[in-house]
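Descriptive analysis of the structure
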Amino acid sequence: MTTNTYADDHDVLVITVRQDGESIYEEGRDAIEALDRGETVEQPDSVTFPNETMLAQTFTEQTLGLLRVITDAEPESIRETARLVERDVKNVHEELARLETMGVIHFAEEGRSKRPVFPYDELVITVPFGQHSNDETDPAVASG
């Protein structure tokens, strides 16, 4: 079970890639069982990708730039966010909507504006090694 070792210091979002044969529900089931036994469960917020390709397609340099601007400049709207990163409003809106769906960001509605909020101090990306990725486009798997 993953424990948020940063819990006392700051909020962390953990991004992971599911290993072959790993059930996406195993960790949740373990947490529920621990709660049933009266134990406390401290786990960081997390997002799990089925493969490395989807992880790489989601957390691009542009995406990380958006998260930095949201954290540093605290833009009041999607439009202001797009202006700060010098990108098209429609593209920024689509990317932020996708991040919201995954739980990476949320929107604070203020009047007619939606202010993007990244509520974490740190983003930790973990990629397991030791087993082949379940990613069919993995060059090591394709050439082996």
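Note: the structure precedes this text.
Calculation notes
- Residues numbered from 1 in each chain as written.
- Predicted model: local features only at pLDDT ≥ 70, side-chain atom pairs only at ≥ 80, totals over all residues.
- Heavy atoms only, no water.
- Helix = DSSP H or I, 4+ residues; strand = E, 2+ residues; numbered from the N terminus.
- Polar contact = N/O pair within 3.5 Å; in protein donor to acceptor, adjacent residues only side chain to side chain.
- Contact = heavy atoms within 4.5 Å.
- Pairing = 2+ DSSP bridges.
- Axes fitted to C-alpha atoms, helices over the stretch in contact; angles between N-to-C directions.
- Core = buried A, V, L, I, M, F, W, Y, C linked by side-chain atoms within 4.5 Å.
- Buried < 20%, exposed > 50% of the residue type's maximum accessible area, 1.4 Å probe, protein only.
- Salt bridge = Lys/Arg side-chain N within 4 Å of Asp/Glu carboxyl O.
- Parallel < 35°, antiparallel > 145°, perpendicular 65-115°, else oblique.
- Left-handed = near helix turned anticlockwise from the far one by under 90°.
- Nonpolar A, V, L, I, M, F, W, Y, C, P; charged D, E, K, R; others polar.

1. Some words on the side chain of Thr81
Position of Thr81 among the secondary structure elements: in helix α4 (residues 78-85). Here the side chain of Thr81 touches Ser77 through a polar contact of 2.8 Å, landing on its backbone oxygen. Apart from the residues lying within four places of it in its own chain, the contact partners of Thr81 are Leu66, Ile70, Pro75, Val92, Leu96 and Pro116.

2. Notes on the sheet that holds strand β5 (residues 122-126)
Strand order in this open sheet of three strands is β2-β1-β5, and the pairing throughout is parallel. What marks the edges here is a single partner per strand, and that holds for β2 (45-49) and β5. Direction aside, the axes of adjacent strands within the sheet are offset by 20 degrees on average. By the bridge criterion, five bridges tie strand β1 (residues 12-17) to β5 in an arrangement that is parallel. In the sheet register, Ile15 faces β5, and the bridge partner there is Ile125.

3. Notes on the nonpolar core
Core analysis: the biggest nonpolar cluster contains 22 residues, and Leu96, Val104, Ile105 and Phe118 have the highest contact counts within it. Of all elements in the fold, only β1, β2, α3 (61-73), α4 and α5 (89-102) reach the threshold of two or more residues within this core. Among the elements that make up this core, the one with the highest residue count is α3 (four residues). The contact partners of Phe118, leaving out residues within four places of it in the chain, are Leu13, Leu67, Ile70, Thr71, Val104, Ile105 and Leu123.

4. Thoughts on the pattern of salt bridges
If the charged atoms of two oppositely charged side chains come close together, the side chains can form a pair. Summed over the entire model, instances satisfying the criterion amount to four salt bridges. For the salt bridge of Lys90 with Glu94, the shortest nitrogen-to-oxygen distance reads 3.4 Å. Here Glu94 and Lys90 lie together in helix α5, a separation of four residues that amounts to about one turn. The exposed category is assigned to Lys90, whose relative accessible area is 56%. A salt bridge links Glu110 to Arg115, with the shortest nitrogen-to-oxygen separation between them at 2.9 Å. When its relative accessible area of 34% is taken as the criterion, Glu110 is described as partly exposed. Overall, the relative accessible area of 22% leaves Arg115 in the partly exposed class.

5. Details of the packing of α3 against α4
Relative to each other, α3 and α4 sit at 115 degrees, their axes nearing to 10 Å. Judged by the inter-axis angle, α3 sits roughly perpendicular to α4. Regarding α3 and α4, the two cross each other, and that crossing is right-handed. Residues Gly65, Leu66, Val69, Ile70 and Ala73 of α3 form the contact with α4, whose own contacting residues are Thr81, Leu84 and Val85. A breakdown of the residues in the contact of α3 with α4 according to their chemical character gives six nonpolar, two polar and no charged.

6. Focus: the environment of Arg18
Note that Arg18 resides in the loop between β1 and α1 (26-36). Here Arg18 falls in the partly exposed class, since its relative accessible area comes to 22%. Measuring from C-alpha to C-alpha, the distance between Arg18 and Val127 comes to 8.4 Å, with 109 residues separating the pair along the chain.

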